[in-house]
Amino acid sequence: MSAEDLYELNSVSDPRFSPDNNKCVFVQTGINKETDDYFSHLFILDMEKEGEAIQLTYGKSKNHSPRWSLDGKSVAFVSNREGGKNQIFVLSINGGEARQVTELENGASNPVWSPDGKRIAFLSTVNNQKEPGEKESDKKLLPLEVGKMKYKSDASGFWKGTFHHVSVVDVVTGEVSQLTEGENDFTLYSWSPDGKNIAVGADLETNKDQSFIHDIYLLDPESKGLSKITNGTGSFGNVTWSPDGKFLAAIGQDMKYYNATLSRLWIYDLEAKKFTCFTEGLDLPVGDFMAGDFQQGAVLPGAQWTEDSSSFYFVGTDNGNTVLYYGNLDGEIYPALLDQQHIFGFTLDSKNQRAVLAISRPSKPSDLFLLNITEGTTKQLTDVNKEILSKVELSEAKSFEFEASDGWKVQGWLMLPIGYEEGKQYPMVLEIHGGPHAMYGNTYMHEFQLLASKGYAVLFINPRGSHGYGQKFVNAVRGDYGGKDYQDIMDAVDYVLDQHDFIDDQQLFVTGGSYGGFMTNWIVGHTNRFKAAVTQRSISNWISFYGVSDIGYYFTEWQIESDLSDIEKLWKHSPLAYVKNVETPLLILHSEKDYRCPIEQGEQLFIALKRLEKPAKMIRFPEENHELSRSGKPSLRIYRLNYIADWFGEYTHIH
């Protein structure tokens, strides 16, 4: 597998059963090399017949978020085919051209059908600060007035006075009505079966700079009134209604351990007006926390209810896998599909006891599978990478568990180099994930396969701080960055060297991004056992990070458990403080518009190293943000991959 093979790979996502369960629509995403951009299209599977999926949309645009009307005759979806702005379209399932139903200056997203099929609720962007007559296309420069701390976002850049509001559009007339208002951002979830309420989410606190909650509200589409159903003590979302309209399922957390708190499944009883945590006894997070660099448009639909409104299915993150779980209102919970896998999308047909799952594995990038729930068997429905996979060899990832120096159990994986031969020795790359509250596991990683193809063994582990191993494990990194987490990683290296004599201990390399970049920086400041390192979108200085990151002030307080009143502690946990110890050649990769770990973090490290005449080089990626490795411009993603492989190649016999 080469870096450039990324152009040939496709990913699938967001499967959705039709109301009669006879069809399944999904999204397939690929890369257009000529335009250096992504395209995505809707496909449909006939669940009653054998055969390949039929393509519904075409062209160079992005078409996604397919949602069935309740009569099963139409699919609403989002497309940027007209002028590059996302708008909502409706496509008859019997064929013909898609019909545009919104035409808003700032676009529209997240379509949700009303039960009667006459209206579609959606999210729109409203600009409360726009001057009369001013259009977004006007290219005049204006000063940016900043009066709040949350004024920028890695995902959307600088805040320009816009808010996300819920609107509805009449499918026939195209008439749009805005249902929410004010200086608040709303999220849109689902419409009640009787059509009388829409589940939405928002933080309506006055001082949002100091607030990190997200409450659930019921929105009356006629009166536009809001009824709050959560109590302002946590962050909740992904709301789905039971078919009988008596219960709501939601996913969220009470923020007890701040962003290290496990997300759980909650049920709201509308009659009793009671909000109950249903997965308290399940010591794992509900949702998908798998770290990856490949899947495009992955979305989990929240808990999916059965027809009788008494049970539901959801995805949890568990020991290197994402697992499909079954639960019911009596409190029972158990796995419905527990395998070596990454489930990143699913849709349920409870009547026929089956589900369609979007699944990835280390050597299986992305496909849809049909699960027979009763039998626990799966059948592959798509083969979207058949052509490219027939030409390349992929490395499997072998899981192992070891005991860290203080007795904690830690999980890791080792991938053999492509072309591995008994008796030979090979270099090894250690990979460290971001988060830190994410998880490596059984999913396809293009970067790992590239390094294996270059002749490296690839080691990746889940040190304490990772999801998938319980609340105590994920919380253990807080206040201890560079402590036991660092020791877990070094213990993993010692373990695999002891277990595998084919690894050349004189040719060890290390890389990671975000928290993994922090840890790479920390490692080279605390040991010289690695021959070369690549740090990506990293943190080097917690003092400056506090004020420059879009999450800096609260993330630093939550994770380092310190603020600007204790500079000594921030500096103690800053890799920049140990720059004089660095002897390892270090390549620094950073994106110009990374507001999560701003580029000044990489710049400080680079200048400090070069001032001391240490071996270092910096690569700056224009117009990219923190998501470069996952969803950045394809050509720049490929540059990034080749920079990593080439830097390691300079310091080993592999070129």
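As a reminder, the structure under discussion sits directly above these lines.
What counts and what doesn't
Residues numbered from 1 in each chain as written. Predicted model: local features only at pLDDT ≥ 70, side-chain atom pairs only at ≥ 80, totals over all residues. Heavy atoms only, no water. Helix = DSSP H or I, 4+ residues; strand = E, 2+ residues; numbered from the N terminus. Buried < 20%, exposed > 50% of the residue type's maximum accessible area, 1.4 Å probe, protein only. Salt bridge = Lys/Arg side-chain N within 4 Å of Asp/Glu carboxyl O. Axes fitted to C-alpha atoms, helices over the stretch in contact; angles between N-to-C directions. Parallel < 35°, antiparallel > 145°, perpendicular 65-115°, else oblique. Contact = heavy atoms within 4.5 Å. Nonpolar A, V, L, I, M, F, W, Y, C, P; charged D, E, K, R; others polar. Left-handed = near helix turned anticlockwise from the far one by under 90°. Phe/Tyr/Trp six-rings, centres within 6.5 Å; stacked < 30°, edge-to-face > 60°. Polar contact = N/O pair within 3.5 Å; in protein donor to acceptor, adjacent residues only side chain to side chain. Patch = residues over 30% accessible without salt bridge, like charges linked within 9 Å, V, L, I, M, F, W, Y side chains within 5 Å. Areas by Shrake-Rupley, 256 points an atom, 1.4 Å probe, with all protein chains shown as cover. Pairing = 2+ DSSP bridges. Right-handed = clockwise from strand over helix to strand, strands pointing away. Lys, Arg positive; Asp, Glu negative; His and termini not counted. Charge placed at Lys NZ, Arg CZ, Asp CG, Glu CD.

Caption draft 1: Region of the structure containing the environment of Phe648. Inspection of the secondary structure puts Phe648 in helix H11 (residues 634-650). Judged by its relative accessible area of 0%, Phe648 falls in the buried class. When the C-alpha positions of Phe648 and Gln507 are compared, they lie 9.6 Å apart, and in sequence the two are 141 residues distant.

Caption draft 2: Helix H5 (residues 515-524), seen in detail. Most of H5 sits out of view: ten of its ten residues are buried. Within H5, burial applies to Tyr515, Gly516, Gly517, Phe518, Met519, Thr520, Asn521, Trp522, Ile523 and Val524.

Caption draft 3: Quick peek at the pattern of salt bridges. Within the structure shown, the criterion is met by 26 salt bridges. Taking the shortest distance from any N to any O, the salt bridge between Lys364 and Asp367 comes out at 3.9 Å. For the pair Lys364 and Asp367, a shared accessibility class is recorded, and that class is buried. Among the salt bridges present, the one from Glu387 reaches Lys391, with a minimum N-O distance of 3.7 Å. Here Lys391 falls in the exposed class, since its relative accessible area comes to 58%. It is possible to trace a salt-bridge network through shared partners that takes in Asp406, Arg464, Lys484 and Asp488.

Caption draft 4: The arrangement of the packing of helix H4 (residues 484-499) against H5 in detail. Running from N to C, H4 and H5 cross one another at 75 degrees; their axes reach a closest spacing of 11 Å. Classified by the interaxial angle, the pair formed by H4 and H5 is roughly perpendicular. Seen from H4, the contacting residues are Asp485, Tyr486, Ile489 and Met490; seen from H5, they are Tyr515, Met519, Trp522 and Ile523. Here the residues of the contact of H4 with H5 are counted per class, giving seven nonpolar, no polar and one charged.

Caption draft 5: Highlighting the packing of helix H2 (residues 446-453) against H11. Following both chains from N to C, one finds H2 and H11 inclined at 35 degrees, their axes separated by 11 Å at the closest point. The interaxial crossing formed by H2 with H11 has right-handed handedness. Of the residues in H11, those in contact with His446, Glu447, Leu450 and Leu451 of H2 are Arg640, Leu641, Ile644, Ala645 and Phe648. Per-class residue counts for the contact of H2 with H11 are six nonpolar, one polar and two charged.

Caption draft 6: Representation of the packing of aromatic side chains within the structure. Under the counting rule described, the total for this entry stands at 49 aromatic pairs. Measuring from ring centre to ring centre gives 5.0 Å for Phe212 and Trp558, while their planes differ by 75 degrees; the resulting arrangement is edge-to-face. Of this pair, Phe212 sits in the loop between strand S16 (198-202) and strand S17 (215-219) while Trp558 sits in helix H7 (residues 552-559); the two residues are 346 residues apart in sequence, bridging distant segments of the chain. Of the residues examined, Phe212 reaches a relative accessible area of 24% and is grouped as partly exposed. Trp558 sits in the buried class, given a relative accessible area of 9%. Ring geometry for Tyr456 and Phe509: centres 5.8 Å apart, planes at 85 degrees, overall edge-to-face. Placement of Tyr456 in the loop between H2 and strand S34 (457-462) and of Phe509 in strand S35 (residues 503-513) is noted, with a sequence separation of 53 residues between them. Among the residues examined, Phe509 registers a relative accessible area of 0% and is labelled buried. Three or more aromatic residues link up through ring pairs in this structure, and these residues are Tyr481, Tyr515, Phe518, Trp522, Trp542, Phe545, Phe555 and Tyr578.

Caption draft 7: Looking closely at the side chain of Ser309. In this fold, Ser309 is placed in the loop between strand S23 (304-305) and strand S24 (311-318). At 2.9 Å, the side chain of Ser309 forms a polar contact with the backbone nitrogen of Asp244. With near-sequence residues (within four places) excluded, Ser309 lies in contact with Ser242, Pro243, Asp244, Phe247 and Leu329.

Caption draft 8: View of a nonpolar patch on the surface. Side chains of Leu144, Val146 and Phe158 sit close together on the surface and give an oily, nonpolar patch of about 250 Å² of accessible area. Its location among the elements puts Val146 in the loop between strand S10 (119-127) and strand S11 (152-153). What makes Val146 partly exposed here is its relative accessible area of 48%.

Caption draft 9: Representation of the sheet that holds strand S8 (residues 99-100) in the model. Taken in spatial order, the four strands make up an open sheet running S5-S6-S7-S8, and their pairing is antiparallel. The open sheet terminates on both sides in strands that have one partner only, identified here as strand S5 (63-68) and S8. Judged from the four bridges that link them, S5 and strand S6 (residues 74-79) form a sheet pairing that is antiparallel. Along S6, the bridge assignment pairs His64 with Val78.

Caption draft 10: View of the pairing of strand S37 (residues 586-591). In terms of burial, S37 is a largely internal element, six of the six residues being buried. Covered by surrounding structure in S37 are Leu586, Ile588 and His590 together with Leu587, Leu589 and Ser591, the residues of both alternating faces. In this sheet, S37 lies alongside strand S36 (residues 532-536) in parallel orientation, the contact comprising four bridges. What sits directly across from Val534, in S37, is Leu587. Where S37 meets strand S38 (residues 616-621), six bridges bridge the pair, whose relative direction is parallel. Within S38, the position partnered with Leu587 by the bridge is Lys617. In terms of handedness, the path from S37 via helix H9 (residues 599-611) over to S38 forms a crossover that is right-handed.

Caption draft 11: The arrangement of a negative patch on the surface in detail. Taken together, the side chains of Asp244, Glu271, Glu307 and Asp308 make up a negatively charged region of the molecular surface. Its place among the elements puts Glu271 in the loop between strand S21 (264-269) and strand S22 (274-277).

Caption draft 12: How the structure looks around unusual backbone geometry. That bond from Gly435 to Pro436 is cis: its omega, 0 degrees, falls within 30 degrees of zero. Position of Pro436 relative to the elements: it lies in the loop between strand S33 (426-432) and H2. Located in the positive-phi region is Asn319, a residue other than glycine, with phi close to 50 degrees. With respect to the helices, strands and loops of the structure, Asn319 is situated in the loop between S24 and strand S25 (321-328). Classification of Asn319 as partly exposed rests on a relative accessible area of 36%. Here Arg537, not a glycine, exhibits a phi torsion of approximately 40 degrees, which is positive. Tracing the chain through its elements places Arg537 in the loop between S36 and helix H6 (542-548).

Caption draft 13: Summary view of the sheet that holds strand S1 (residues 11-17). Spatially, four strands are ordered S1-S2-S3-S4 in an open sheet, and the strand pairing comes out antiparallel. Strands with a single pairing partner mark the edges of an open sheet, and in this sheet they are S1 and strand S4 (54-55).

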